[in-house]
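Next come the chains, spelled out residue by residue.
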Amino acid sequence: MEAVEEPRWLTAEEQQTWLELIGVLTWLPDAIDAQLQRDAGVSHFEYQVMAMLSMAPQRTRRMSEVAALANGSLTRLSRTVDRLDKRGWVTRRPDPEDGRATLAVLTDAGWDKVVATAPGHVAEVRRLVLDPLTRTQVRQLHEIATRIRQVVNPGGCLPTLATPDTP
């Protein structure tokens with residue numbers, strides 16, 4: 001009979017670290033979403049979709065790429081783009097290079113919405129995440145988050161850094 005390997009239980013320090021991380025993962029998204037809803041009338045997911053489009057050449061990306069970047073299903077993204085389209089912020093069009101694909105395009109009004117929303121969003125990110133940390137801790141957080149993301153989603157992608165005309 002083969003021996004069953006004993007689980008590697010968390011130490012007390014590891015358990016406390018895990019619980020703190022779970023607290024961040026649980027409460028931070030709600031806090032960010034609340035600020036965006038209160039100040040800009042958009043959800044965090046809606047803002048992320050528009051921000052990702054604002055960082056793309058011609059403010060355009062394939063819907064499948066936006067869904068992957070936002071970690072949302074195509075169905076969820078489609079419903080979100082429908083809402084953003086009704087507000088005049090995002091439109092869809094067929095991809096001229098692949099008729100099976102659909103492009104999401106940030107409109108000029110959508111760009112204006114991102115520009116107007118970004119300062120409050122950045123202030124909240126600073127307040128909740130960056131300001132409580134030292135510069136060294138910010139660098140460490142970047143390294144830690146990158147390592148965890150690479151294990152959780154090794155083939156995943158992140159949006160590229162903003163271009164100079166992007167907030």
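Rules and cut-offs
Residue indices begin from 1 for each chain and proceed along its sequence in written order. Local features in this predicted model are restricted to residues of pLDDT 70 or higher, and side-chain atom pairs are both shown and tallied only at a pLDDT of 80 or more, whereas totals for entire chains, interfaces and linings draw on every residue. Excluding hydrogens and water, the side-chain values take into account all heavy atoms of the structure. For every residue, the predictor reports its confidence as pLDDT, a number between 0 and 100. Secondary structure follows DSSP: runs of H or I at least 4 residues long count as helices, runs of E at least 2 residues long count as strands, and numbering of each begins at the N terminus. In what follows, salt bridge is the name for a side-chain nitrogen of Lys or Arg lying within 4 Å of a carboxyl oxygen of Asp or Glu. For the exposure calls, accessible area comes from a 1.4 Å probe over protein chains only, and a residue counts as buried if that area is under 20% of its type's maximum, exposed if over 50%, partly exposed in between.

Comments concerning the confidence of the model for the chain
Chain-level pLDDT for the chain is 92 on average; 93% of the residues reach the 70-or-more range. By mean pLDDT, helix H3 (residues 63–70) is the weakest element of the chain at 91, and helix H5 (residues 108–130) is the strongest at 98.

Some points on the pattern of salt bridges
Using the criterion set out here, one finds 10 salt bridges in the structure. The residue Glu-46 makes a salt bridge to Arg-83 at a minimum N-O spacing of 2.9 Å. In this pair, Glu-46 is assigned in helix H2 (residues 44–54) and Arg-83 in helix H4 (residues 74–86), connecting sequence segments 37 residues apart. Between Arg-100 and Asp-98 there is a salt bridge, with its nearest N and O atoms 3.1 Å apart. Arg-100 gets classed as exposed once you look at its relative accessible area, which sits at 77%. Its relative accessible area of 16% is what places Asp-98 among the buried residues. Where salt bridges share partners, they join Arg-62, Asp-95, Asp-98 and Arg-100 into one cluster.

Looking at unusual backbone geometry
Phi is mostly negative for residues that are not glycine, and the peptide bonds are mostly trans. Of note in the backbone geometry, Arg-59 takes a positive phi value of approximately 50 degrees without being a glycine. By secondary structure assignment, the location of Arg-59 is in the loop between H2 and strand S1 (60–62).

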